[in-house]
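# Structural overview for review
In case you want the letters, here they are:
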Amino acid sequence: MKRLGVNIDHVATLRNARGEFHPDPVYAAKFAKKLGADSITIHLREDRRHIKDIDAKKICSVKNLLVNLEISIRDEIVKNALKIKPNFICLVPENRKEITTEGGLDLKRNEKKIKKIIKLFKKNNIRTSLFINPTQRDVLMSRNFGADCVELHTGKFANLVKLKKDIKKEFYRIKKSSKFAEKIGLEVHAGHGLDFKSTKYLCKIKEIKEFNIGHFIIGESIFFGLKKVLVQFKKIIR
Ligand code: PXP
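None of these values were measured; they are calculated from a predicted model.

### A word on the packing of helix 6 (residues 136-145) against helix 8 (residues 168-183)
The geometry of helix 6 relative to helix 8 is characterised by a closest axis approach of 9 Å and an angle of 25° between their N-to-C directions. Of the possible angle classes, the one that applies to helix 6 and helix 8 is roughly parallel. Judged by the twist between their axes, the crossing of helix 6 over helix 8 is right-handed. On the side of helix 6, the interface is formed by Q136, V139 and L140, while helix 8 contributes K176, S177, F180 and A181.

Here it is as structure tokens:
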């Protein structure tokens with residue numbers, strides 16, 4: 001069975017827009033788990049634009065909740081991550097001006113640093129995955145760096161699906177990378193930009209064991225939940 005990791009960053013985005021307490025990401029984490037999420041993913045960005053350190057700490061202290069913390073490889077963030085004590089960590093590239101994570105890690109450029117971080121997390125019993133572009137070269141490097149898992153960047157694939165373009169080549173690239181990763185002992189995850197349709201396609205790849213999905217889940221939930229909230233308000237003001 002494939003697992004669903006629910007990324008709740010954008011609950012915090014909404015909360016921060018008002019600068020108050022609602023909607024609460026800690027409540028969202030508990031609620032998503034109750035509804036069937038296998039784990040919760042949060043990205044502690046360098047500029048803390050959504051999830052804050054205090055949110056991450058609170059979410060990681062919820063009993064029986066598996067938390068996957070996404071972080072960059074900057075020393076300050078790595079140090080903080082150890083204090084937050086998540087179950088899993090996914091190392092991602094981070095560029096201050098980007099709206100979202102734009103691609104996989106540059107493994108070649110950051111080899112020494114990533115190897116050192118993985119060693120440190122291993123010592124702390126934290127499962128580490130590397131967010132990479134779906135290529136055999138990056139999969140092999142991830143294994144050689146000592147990672148437990150790879151998360152394949154599905155952004156390009158998801159966009160092709162959304163634009164109704166030819167997906168064959170990109171689908172095959174993800175499939176080939178997934179098969180190779182499993183063969184050399186890595187667990188395979190996938191994420192970025194996924195919606196119902198693109199996820200359905202990727203479910204055909206049996207080696208993918210976990211999806212991490214955020215923006216679409218939170219965005220689509222507005223439409224699923226709007227009816228209930230409107231009806232409740234109409235009842236109150238009647
Ligand atoms: N996986 C990783 C490593 C990410 O950086 C992100 C975005 O924060 C996601 C998954 C979720 O992407 P989306 O919000 O587009 O579903």
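Here the narrative resumes, following the displayed structure.
### As for helix 2 (residues 25-34)
Residues P25, V26, A28, A29 and A32 constitute the buried set of helix 2. Down the axis of helix 2, the buried set is contained in an arc of 160°. They therefore lie on one face. Exposed positions of helix 2 whose direction lies more than 90 degrees from the buried face are Y27 and K34. On its buried face, helix 2 is in contact with strand 1 (3-7), helix 1 (9-18), strand 2 (39-43) and helix 3 (53-60).

### Observations regarding the packing of aromatic side chains
Using the criterion set out here, one finds four aromatic pairs in the structure. With a centroid separation of 6.1 Å and an interplanar angle of 45°, the aromatic rings of F157 and F171 are classed as tilted. Here F171 lies in helix 8 and F157 lies in helix 7 (residues 155-162), a separation of 14 residues in the sequence. Judged by relative accessible area, F157 falls into the buried class, the value being 0%. Between the aromatic rings of F196 and F216, the centroid separation amounts to 4.9 Å while the plane-to-plane angle is 85°, which identifies the pairing as edge-to-face. Of this pair, F196 sits in helix 9 (residues 196-202) while F216 is found in helix 10 (residues 215-237), placing the two residues 20 residues apart along the sequence.

### Notes on the sheet that holds strand 6 (residues 149-153)
The strands making up a sheet are joined through hydrogen bonds of the backbone, oriented either antiparallel or parallel. Taken in spatial order, the eight strands of this closed barrel run 1-2-3-4-5-6-7-8, and their pairing is parallel. Sheet twist, expressed as the mean angle between neighbouring strand axes with direction ignored, is 25°. In the packing of helix 4 (residues 75-84) onto the sheet, contacts are made with strand 3 (67-71) and strand 4 (88-91), and the angle to strand 3 comes to roughly 165°.

### Regarding the side chain of R15
Within the element layout of this structure, R15 appears in helix 1. For R15, a relative accessible area of 10% corresponds to the buried category.

### Notes on the pattern of salt bridges
Pairing is possible between side chains that carry opposite charge, provided their charged atoms lie close to one another. One pass over the structure, following the stated rule, counts 18 salt bridges. Among the ionic pairs, R3 bridges to E187, the shortest N-O distance being 2.5 Å. Of the two residues, R3 is situated in strand 1 and E187 in strand 7 (residues 187-191); the sequence distance between them amounts to 184 residues. For K209, the salt bridge goes to E182, with nearest N and O atoms at 3.1 Å. Residue K209 is found in strand 8 (residues 208-213), and its partner E182 is found in helix 8; the two are separated by 27 residues along the sequence. Residue class for E182 comes out partly exposed when judged on its relative accessible area of 38%. Each of the salt bridges in this network shares a partner with another, and the network as a whole consists of R3, R127, E187 and E210.

How each quantity is defined
- Residues numbered from 1 in each chain as written.
- Predicted model: local features only at pLDDT ≥ 70, side-chain atom pairs only at ≥ 80, totals over all residues.
- Heavy atoms only, no water.
- Axes fitted to C-alpha atoms, helices over the stretch in contact; angles between N-to-C directions.
- Helix = DSSP H or I, 4+ residues; strand = E, 2+ residues; numbered from the N terminus.
- Parallel < 35°, antiparallel > 145°, perpendicular 65-115°, else oblique.
- Left-handed = near helix turned anticlockwise from the far one by under 90°.
- Contact = heavy atoms within 4.5 Å.
- Buried < 20%, exposed > 50% of the residue type's maximum accessible area, 1.4 Å probe, protein only.
- Arc of directions from axis to C-beta.
- Phe/Tyr/Trp six-rings, centres within 6.5 Å; stacked < 30°, edge-to-face > 60°.
- Pairing = 2+ DSSP bridges.
- Salt bridge = Lys/Arg side-chain N within 4 Å of Asp/Glu carboxyl O.

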